[in-house]
Structure formats: structure tokens, C-alpha cells
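# Residue-level structure breakdown
Given next are the chains, with one letter for each unit.
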Amino acid sequence: MNQPLTPEAGLRTLQAHSAEFISLFTHGSLVVEYYKPDQVDKQQPHTRDEVYVITSGTGTFALAGRQMTVKPGDLLFVPAGVEHRFGPFTDDFATWVLFYGPEGGEIA
């Protein structure tokens, strides 16, 4: 990576590929994606630990049945295999997604 990743660059890349998420950087076990769901978050639990950093918009986030409000700058941790979902959220909602560690998640 020669330059910092920015939300604007992530959004441009998503739009160019007509996708809701796209991988922008990998290093070892780390994968950095940019994610902008279209009206509904269709995610399923992932096999690796992940971190979200909200870049734009607002909404709610459900993690293992618990609801919370999210806004730009918020950081969320989701252990591997745990049910989670954004929604409802504003039309401009987008987030960084960082996957890391081994399949099944790290042992605490």
C-alpha cells in the first residue's frame, strides 16, 4: 500500500465494480474491505474475527441479539461465528471491515 486508504477511495472502487463490498488490502491474515450495504445487510456470520469502523451514515447494529446505535468513527468488534447485522441505516451508511486471525477466531 503506497498511500493511505480513504473512505472516498473505497466508495469509488465499490461504485466502479457495482458491488456492496470490496477487498482493498491484504497482508498476512489481515484483509481490509470497504462495505456499503444497499438497503438491507445480507451478511452471515464470518469464520474469522472482524472489526468495523463506521465511515459515514448512521444506523443500528445487532450483535448476538443486542442492538446499538452506530455513527461515523465508531469501532465494533465481532468474534468469528457470531450473528450480527446492520439495520436500519441511512442511505449514506458505509464502513471499513477488517478481517484477521485464524479461521474460527483468535483464542482470548
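Each remark here, short or long, concerns the structure printed above.
For the structure given in this document, a descriptive report is provided here. Here the structure is a predicted model, which is why all the values come from computation and not from measurement.

### Some points on the packing of aromatic side chains
Using the criterion set out here, one finds six aromatic pairs in the structure. Considering the side-chain rings of Tyr52 and Phe86, the 5.0 Å spacing of their centres and the 90° angle between planes classify their relative orientation as edge-to-face. Note that Tyr52 is positioned in strand E3 (residues 49-56) and Phe86 in strand E7 (residues 84-89), a separation of 34 residues in sequence. Its relative accessible area of 0% is what places Tyr52 among the buried residues. Here Phe86 falls in the buried class, since its relative accessible area comes to 2%.

### Some remarks on the sheet that holds strand E4 (residues 59-63)
A sheet is described by the order of its strands in space; here three strands give the open sequence E5-E4-E7, paired in antiparallel fashion. A single partner strand is all that each edge strand has here, and the edge strands are strand E5 (66-70) and E7. Here the average twist between neighbouring strands, direction ignored, is 25°. Taken together, the four bridges between E4 and E7 define a ladder with antiparallel strand orientation. From the neighbouring strand, Phe61 faces E7, where its bridge partner is Phe86.

Cut-offs used in this document
- Residues numbered from 1 in each chain as written.
- Predicted model: local features only at pLDDT ≥ 70, side-chain atom pairs only at ≥ 80, totals over all residues.
- Heavy atoms only, no water.
- Phe/Tyr/Trp six-rings, centres within 6.5 Å; stacked < 30°, edge-to-face > 60°.
- Helix = DSSP H or I, 4+ residues; strand = E, 2+ residues; numbered from the N terminus.
- Buried < 20%, exposed > 50% of the residue type's maximum accessible area, 1.4 Å probe, protein only.
- Pairing = 2+ DSSP bridges.
- Axes fitted to C-alpha atoms, helices over the stretch in contact; angles between N-to-C directions.

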